[in-house]
Amino acid sequence: MKKSWSLLLALMLGVGLLAGCSDSGSASSDKDDDVLKVWSFTDELKEPIKTFEEKNGVKVELTIVPIADYPTKLKPVLESGVGAPDVFTGEVAFLKQWTDRDYWENLSQEPYNADEWEGDYIDYVYDLGKDSEGNVKALSWQTTPGGIFYKRSIAKEVLGTDDPDQLGEMMSSWDGLFEVGEQLKEEGYRLFPDEGAIRWFAKGEDPQPWVNEDNELIMTDAKLNYFDHAKKLREKDYTAFAPEWSPSWNASMSGPIAYNGGWEEVDENASDKTEVFSYALPTWGLHSVLKPNAEGTEGDWGVTTGPVPYFWGGTWIGIYSGSEKKDLAWDFVQMMTHDEEFLTDWAKETGDVLSYKPVNEKIKDDFSEPFLNGQNNYTFFLEQAKKIEPGVVTKYDQQLDTLLGGQVIEYVDDKKSKEEALEEFYKQVKNAYPDIKTP
């Protein structure tokens, strides 16, 4: 999945988006009746649309809206029906804000009967597409668990091995992770690009919804400990001050970066420079982040586990409830999410890790990724996906994660004590959602 959205950029010392573009997947017709309209925030549907057009002899118009604008531009057309698409996608950041509205068609009802497919998908992926009453509103062809991508040459030099299983064992606890960070620092390397890299482990550890059935804010020990873990990374100098999506973050993947009031692409004359060892990224991070930024390093990477499993992102797709072309729209949704021939080709061509288990079982053992020195990252991520708990994502996540991240940084930067940061966080939660009961 090509991702242009960082869900929690406030946790990462900077805010940035990789903007998409407005585009058309095929020539559009002046007659709306001749065209299936699809809206998305990502260009990943371009090639599938070509396949669909060829198979069905129809035209599909793809509109891509940058992720930053997508919810605000899509919502008015869905509510009014004027210019609305027949099919549209949703990202996990706002998925739960949409499933309980009437935007998407109920796929549990006739003639779709998507409930019959439940056993075909990875549990958490299927669960996320449901509304609060258990009706399926959207489906996803992919699963997006994460791991730690690391540089094999540094691992061999400092840790004595580049084996993913052995490294995963070393970093299977917070103490182990910090021990690895200390060893790397002693040799002039940095464990992570910045403190925000561990935010996903804070979400994945003891996973619970932000708000329970009694409308109470759930502040787990893992979330409280995130303050201290991030602070330790900063104080121990285990990070390279390279915020996610920044130029220094991109540059750090291909080699050393230099310090000049902030880490940046290395100057040959710089005396103070370092190299980042690893990055916490999901499935799509390999193809959309590492490969484009780490040119010349093919084969020097591996992927392993961290302290806890996590997932990041994902694209869900469904039918607009007001569409007049629901049969054709359903054909497209079925191809994207339940067509064995298409999904087999798609996975092999793109490396996208599927949520559709029947195809996974047939193809998973045949993957060998040259960029990862031949490692089968497909089976690795499928094992991680099994560990992700369904039912933990809520409509509050995007805003509350951002608010929490902002206060973590205030604490890391010594602008507030932990107690002051937590007090401010609770105040901000109350301002955003007056009905939520805070500690």
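By convention here, each chain's residues receive numbers from 1 onward along its written sequence. Selection of residues for local features in this predicted model requires a pLDDT of at least 70, selection of side-chain atom pairs for listing and counting requires 80 or more, and totals for whole chains, interfaces and linings are taken over all residues. Remark: hydrogens and water are excluded; side-chain values derive from all non-hydrogen atoms of the structure.

If you check an unreviewed UniProt entry, the protein chain appears there as ABC transporter substrate-binding protein from Pontibacillus chungwhensis.

Q: Explain the overall build of the protein chain to me, please; I cannot follow it from the model alone.
A: Secondary structure counts use DSSP, requiring at least four H or I residues in a row for a helix and at least two E residues in a row for a strand, with both numbered from the N terminus. What the protein chain contains, in helices and strands, is 17 helices and 11 strands. Type-normalised accessible area, obtained with a 1.4 Å probe on protein chains alone, sets the label of each residue: buried when under 20%, exposed when over 50%, and partly exposed for intermediate values. Buried positions account for 57% of the 439 residues belonging to the protein chain. Residue contacts are counted whenever heavy atoms from the two residues lie within 4.5 Å of one another. The contacts in the protein chain between residues at least 6 apart in sequence include a share of 74% that link residues at least 24 apart. Just so you have it, the protein chain exposes about 18200 Å², and 42% of that area is on carbon and sulfur atoms. Using a 1.4 Å probe, the Shrake-Rupley method yields the accessible areas, and only the shown protein chains count as cover for residues.

Q: Would you mind showing me how to read the environment of glutamate 420 here?
A: Position of glutamate 420 among the secondary structure elements: in helix H17 (residues 418-432). Separated by 10 residues in sequence, glutamate 420 and glutamate 410 place their C-alpha atoms 9.4 Å apart.

Q: How should I be thinking about the sheet that holds strand E4 (residues 146-151) in this particular structure?
A: Hydrogen bonds along the backbone pair up the strands of a sheet, which may run parallel or antiparallel. Two strands qualify as a pair provided DSSP detects at least 2 bridges between them. In spatial order, the strands read E9-E4-E10; together these three strands make up an open sheet with antiparallel pairing. Lying at the two open borders of the sheet, with one neighbouring strand each, are strand E9 (278-282) and strand E10 (301-304). Geometrically, the sheet is characterised by an average inter-axis angle of 30 degrees between neighbouring strands, direction not taken into account. Sheet analysis places E4 next to E9, joined by five bridges and oriented antiparallel. Bridge pairing in E9 links isoleucine 148 to alanine 280. Comment: axis = line fitted to C-alpha atoms, over the contacting stretch for helices; angle = value between 0 and 180 degrees taken between N-to-C directions.

Q: What's the story with the pattern of salt bridges in this structure? I'm lost.
A: Two side chains of opposite charge can pair, provided their charged atoms sit close to one another. One side-chain nitrogen of Lys or Arg within 4 Å of one carboxyl oxygen of Asp or Glu is enough to make a salt bridge. Following the criterion strictly, the structure yields 21 salt bridges and no others. For lysine 325, the salt bridge is made with aspartate 86, and the minimal N-O distance between the two is 3.8 Å. Highlighted residues: lysine 325 in the loop between strand E11 (315-319) and helix H12 (326-338) and aspartate 86 in the loop between helix H2 (70-80) and strand E3 (87-91), separated in sequence by 239 residues. We note that lysine 325, like aspartate 86, is buried. For the salt bridge of aspartate 162 with lysine 156, the shortest nitrogen-to-oxygen distance reads 3.8 Å. For aspartate 162, a relative accessible area of 15% translates into the label buried.

Q: Is there a simple way to think about the packing of helix H5 (residues 152-159) against helix H7 (residues 174-186) in this case?
A: Each pair of packed helices can be described by the angle between their axes along with the distance between the axes. Packing of H5 against H7 leaves a shortest axis separation of 10 Å and a crossing angle of 90 degrees. Looking at the two axes, H5 sits roughly perpendicular to H7. Here Ile154, Val158 and Leu159 of H5 come into contact with H7, specifically with Val180, Gln183 and Leu184. Charged means Asp, Glu, Lys or Arg here, nonpolar means Ala, Val, Leu, Ile, Met, Phe, Trp, Tyr, Cys or Pro, and polar covers whatever is left, Gly included. Here the contact of H5 with H7 is built from residues that sort into five nonpolar, one polar and no charged. In what follows, roughly perpendicular refers to angles from 65 to 115 degrees, roughly parallel to angles under 35, roughly antiparallel to angles over 145, and oblique to any angle outside these ranges.

Q: Help me out: how do you make sense of H5 in this one?
A: Note that an α-helix has 3.6 residues per turn; residues three or four places apart therefore point the same way. Considered for burial, the residues of H5 that qualify are Arg152, Ile154, Ala155, Val158 and Leu159. With its buried residues spanning 160 degrees around the axis, H5 presents them on a single face. A positive phi of about 85 degrees marks glycine 160, the residue just after H5. Along the arc lie the directions from the helix axis toward the C-beta atoms.

Q: When you look at the environment of tryptophan 330 in this model, what are you seeing that I'm missing?
A: As for its placement among the helices and strands, tryptophan 330 is situated in helix H12. Take tryptophan 330: its relative accessible area is 9%, and that puts it in the buried class. Taking the C-alpha atoms as reference points, tryptophan 330 and leucine 107, 223 residues apart in sequence, are found 9.2 Å from one another. Ignoring anything within four residues of it in the chain, the contact list for tryptophan 330 reads Leu107, Tyr112, Trp117 and Ile319.

Q: What should I look at first to understand the pairing of strand E1 (residues 35-40) in this one?
A: Within a regular strand, the side chains alternate between the two sheet faces. Along E1, six of the six residues are buried, which leaves the element largely enclosed by surrounding structure. Neither face of E1 is open: one carries Val35, Lys37 and Trp39, the other Leu36, Val38 and Ser40, and all of them are buried. Inspection of the sheet shows E1 paired to strand E2 (residues 59-64) by six bridges, in the parallel sense. Bridge pairing in E2 links serine 40 to isoleucine 64. Orient the strands so they point away from the viewer; a crossover is then right-handed if the path from the first strand over the helix to the second runs clockwise. You can see the chain leave E1, run along helix H1 (residues 46-56) and come back into E2, and the turn it takes is right-handed. Sheet topology places E1 next to E3; two bridges connect them, and they run parallel. Its bridge partner lying in E3, tryptophan 39 is registered against phenylalanine 88.

Q: Sorry, what's going on with the sheet that holds E2 here?
A: Pairing is mixed in the open sheet, where four strands are placed in the order E2-E1-E3-E11. Unpaired on one side and paired on the other, E2 and E11 mark the two borders of the sheet. Here the average twist between neighbouring strands, direction ignored, is 20 degrees. This element, H12, spans E1, E3 and E11 of the sheet and lies at about 155 degrees to E11.

Q: What is the right way to look at the packing of aromatic side chains in this model?
A: Two aromatic rings, drawn from Phe, Tyr or Trp (for Trp, its six-membered ring), form a pair once their centres lie within 6.5 Å of each other, and the interplanar angle then sorts them: stacked below 30 degrees, edge-to-face above 60, tilted otherwise. Here the structure, examined in full by the defined rule, presents 34 aromatic pairs. Summarising the aromatic geometry, the rings of phenylalanine 88 and tryptophan 104 are spaced 4.8 Å apart at their centres and angled 0 degrees between planes, so their arrangement reads as stacked. With phenylalanine 88 in strand E3 and tryptophan 104 in the loop between helix H3 (92-98) and helix H4 (123-128), this pair connects stretches of sequence that are 16 residues apart. Of the two residues, phenylalanine 88 and tryptophan 104, neither departs from the other in class, the shared state being buried.

Q: Could you clarify how one ought to interpret the pairing of E9 in this entry?
A: Here E9 lies mainly inside the structure; five of its five residues are buried. Residues Ser278, Ala280 and Pro282 line one face of E9 and the alternating positions Tyr279 and Leu281 line the opposite face, and both faces are buried.

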